[in-house]
Amino acid sequence: MNKLFTLGFILLILSSAFLIRNWNMSYLIDVEGQDIIIADNDAPYHFLRIMEFAEKKRQTIQYLDEKSYYPTGYVAHWPPGFDFIIGCISRCFYIFHPNTFDLKIWISFIPSMIGILNLYVFYRLSRFCLTQPPSLASMALLSVLPVHITTTYFSIIDHHGAEFLILIGLYWSLLQSIYYRNSLWLAVVIVIGFLSLPSFLLDYIILMICCITIQLTRLTDNHYEFTRILAISQIMALLILIPSVYNSYYGMHFGITYLSLSYFHVCIVGIGSAVTLSCYILDYRLKINSPFFLKLFTFVGIIGFALTCIPHFFQELHNGIAYTRGLFYKDIVNEFQSISWEFLNAGILKGFWPFMICGTLILPYWAWRTRSLNWVILTLPLFFYGLIAFREVKFFRYYQLLAIIPGIGFAELLWMYAVQKKSRELQISLWVLFIGVTLFGLSDFSIAFSLNRKGNDHTTYKMLKFISNTYSVTKDGQTIFANWDIGHKIRFYTDFSNMCNPLLEPALTALQDYVAFNFTPDTAKALSLLDHYDARLVILEPALSFLNMLPLNPQYNQVFLDAHGQPTIAFIQTLNGHLFYFNGSVIIPKTSQKVPIIPAISTLRLVYETDEQIEINGLITSRYRVFEQVPGALVKIQVAPSLDINPELFLNLRLISNTGRQFTYTTKLEKKELGLFQARVPYSAPGKNGSIIANQPYYVQNAGKEIPVTVSEEAIQYPVY
């Protein structure tokens, strides 16, 4: 193929990919607020660390952040390499252009830059296995892979965006080292992987299994040279990693007993170096490929020595692998539900799946028959990631990534077969199939490119901006009581602390408390949890959307949905059900069962709800609602004895939310003596309660008349008893 045409095609793919990944950037930039709407849950904290480092507010990337985990704070658990590299580049930008808003925009472009660099490295890896036209096709296919787009999109500044690049770079640098007799590239990628990705431990182990398999089975003719280059790369990586032991302490909060996770990484690379070096020495001494059982005995001996003689090594290996597979309380079903099979299978991959599966299935035969080191090195990781995906769905994206190459290879085989047979009908059929696959994939374009202007990220951004502009840490508590999903956004957009980080061991208690707050029918207990976390603001989401978290706190694991999927009385009695679906009002159950009246919630008031609505089990409600804990005003009403003909009186208030939703807060008045009633209420009326407006006073309906009751904000905040 003409070199100029190839270069032009590569540039076309890269520029198109860059455009796709920044397509909606205008919707993610708040010019008026001088801020960026970050389209991810984890990215805000990476963004914050990079920003503070670039502006020289912090001189280190890793530090004890007091606001990220109430009350102790925590040191970021992930390796600092990714943030440090981006932080250094951004610091250079800020030196020449010291504008904070422009710096945010610059950082927001970096994920898409990483994405297009990944595309080019993927093309170079494909060239080791495929001819040039299929390699270009594989790069084009990766450019529209949905999970690749959404991890390298504008403002998603997260180490997940670098995962694909480092993974592909790992196998590309291995082949590059072998064919060009240069060990430096592989050593550098190994070091960057360990210092940048929490899950790189598993990638490295899979790489070593791949290399050991090649060494044991002699799948390549240049086996001796392969071992020598691999040994040099491992030793170089080990020498580069050793200094990191003294300059990094991430991972201490995972029960790691070493001084740092870097020390454990050094041990792992040291074992890998010993295994590879022993193979090289055996072959060098015997001048031939040493016997299979001698190598196997040596490898098992080295690994066994490490497991038994290095203190706590087996426990640390178990901890490291357990961490890479994700959160302990999620299983494969929940992962598929949260990631969405439709999303993983969206776009062009909808039609390309048969090629990927067929290519994967024939790959072992292909690799064994051709004894091509290129295909052998691709085969083993592909199957490992495919198997791991059944236990941890997040690794399924690695399978998708690698399976593109054999999928394109299988398509090329079909075309070559049609050409050899000189069957024009078959060639036309393949062209029709390709066009059909493309059109079929484009039929769900909106799923493949799901980041848009009206997404959940805008909802969360506007909510947190409201909190930031309305409330302050000095008078409204230290913490926002919320699910950990938006914890990093709370830290980024507000001055408040988030209550927990799910990756810290003590966070189990915080998550249990969050479950307890939502599902307890005991309001007093829920309020005591707020006091424990020094929280006056609560961000709630419909509890029916996270029922899978109930196993964290089994005592609340009741029957919340009936056989028809509708909420039961048990759910209505929970604090979340009461607030979300009954606005905290008094509930008089309409049932034949003997269920007591559920009193109104008198110290939590709605102050904001999101425009975005979601439907759960047929119930339509806001995605998030913000409640404020207030002392509540004590209202006393004197009713003339002659009018006191109704033994039950209710105090009502008509309210309008910031979304325009009209609702009524109702509480039952408690009879104290003849003609005297009282109740505690959370809303001021008339007046504003956050963004919730009461245009009129409370009113009591009695004897066909409405008795107005005015309640001031001062009475809400400083009640007189």
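Refer to the structure presented above.
From a predicted model like this one, the values you see are computed outputs, not experimental measurements.

Colleague: Explain the overall build of the protein chain to me, using residue names and the numbers behind them.
Modeller: Check the secondary structure of the protein chain and you find 27 helices and 20 strands. Taken over 721 residues, the protein chain has a buried fraction of 56%. Accessible area of the protein chain: about 31,600 Å², with a carbon and sulfur share of 63%.

Colleague: Tell me about the sheet that holds strand S5 (residues 479-481), and name the residues and values.
Modeller: As summarised here, the arrangement of the five strands in space is S6-S5-S7-S11-S8, forming an open sheet in which the pairing is mixed. Since the sheet does not close on itself, it has two edges, and those belong to strand S6 (497-498) and strand S8 (604-609), each with one partner. Both strand S7 (residues 535-540) and strand S11 (residues 625-629) contribute to a ladder of four bridges, which runs antiparallel. Counterpart to Leu537 in the pairing with S11 is Glu628. Relative to S7, helix H24 (residues 523-532) is tilted by about 115°, and along the sheet it contacts S5, S7, S8 and S11.

Colleague: So, the sheet that holds strand S16 (residues 676-681): which residues are in play, and what are the values?
Modeller: The strands making up a sheet are joined through hydrogen bonds of the backbone, oriented either antiparallel or parallel. Strand order in this open sheet of three strands is S12-S16-S15, and the pairing throughout is antiparallel. Both outer strands of the open sheet, strand S12 (633-638) and strand S15 (670-673), are each paired with one neighbouring strand and no more. The sheet shows a mean angle of 30° between the axes of neighbouring strands, taken without regard to direction. Across three bridges, the pairing between S15 and S16 is antiparallel. Within the sheet, the bridge partner assigned to Glu670 lies in S16 and is Gln678.

Colleague: Explain helix H17 (residues 373-388) to me, and be specific about the residues and the numbers.
Modeller: The end-to-end C-alpha separation of H17 is 23 Å, in line with the 22 Å expected for 16 residues at 1.5 Å each. Along H17, 12 of the 16 residues are buried, which leaves the element largely enclosed by surrounding structure. Buried within H17 are the following residues: Leu373, Asn374, Trp375, Val376, Ile377, Leu378, Thr379, Pro381, Leu382, Tyr385, Gly386 and Ile388.

Colleague: Tell me about the nonpolar core, and name the residues and values.
Modeller: Core analysis: the biggest nonpolar cluster contains 207 residues, and Ile467, Phe517, Ile539 and Tyr698 have the highest contact counts within it. When residues of this core are assigned to their parent elements, the largest contribution, 14 residues, is made by helix H4 (residues 100-129). Setting aside chain neighbours within four positions, we find Ile539 in contact with Met463, Leu464, Ile467, Ile480, Phe481, Ala482, Ile486, Ile490, Tyr514, Tyr624, Arg625 and Val626.

Colleague: An account of the side chain of Ser90 is needed here, citing residue identities and associated values.
Modeller: Within the element layout of this structure, Ser90 appears in helix H3 (residues 81-96). Looking at Ser90, the relative accessible area reads 0%, which means it is buried. When neighbours within four sequence positions are excluded, Ser90 is seen to be in contact with Ile50, Ala54, Leu103, Trp106, Ile107 and Ile110.

Colleague: Any chance you could break down the packing of aromatic side chains for me, citing the residues and the numbers?
Modeller: With the rule as written, the count across this model stands at 24 aromatic pairs. When the ring of Tyr461 is compared with that of Tyr493, the centres are 5.1 Å apart and the planes differ by 75°; the resulting orientation is edge-to-face. Pair noted here: Tyr461 is in helix H21 (residues 456-470) and Tyr493 is in helix H22 (residues 487-493), with a separation of 32 residues, a long-range link. When its relative accessible area of 6% is taken as the criterion, Tyr493 is described as buried. On the numbers, 6.1 Å between centres and 50° between planes, the contact of Phe580 with Tyr581 is tilted. The two residues Phe580 and Tyr581 agree in class, both being buried.

What counts, and at which threshold
Residues numbered from 1 in each chain as written. Predicted model: local features only at pLDDT ≥ 70, side-chain atom pairs only at ≥ 80, totals over all residues. Heavy atoms only, no water. Helix = DSSP H or I, 4+ residues; strand = E, 2+ residues; numbered from the N terminus. Buried < 20%, exposed > 50% of the residue type's maximum accessible area, 1.4 Å probe, protein only. Areas by Shrake-Rupley, 256 points an atom, 1.4 Å probe, with all protein chains shown as cover. Pairing = 2+ DSSP bridges. Contact = heavy atoms within 4.5 Å. Axes fitted to C-alpha atoms, helices over the stretch in contact; angles between N-to-C directions. Expected span 1.5 Å × (residues − 1). Core = buried A, V, L, I, M, F, W, Y, C linked by side-chain atoms within 4.5 Å. Phe/Tyr/Trp six-rings, centres within 6.5 Å; stacked < 30°, edge-to-face > 60°.

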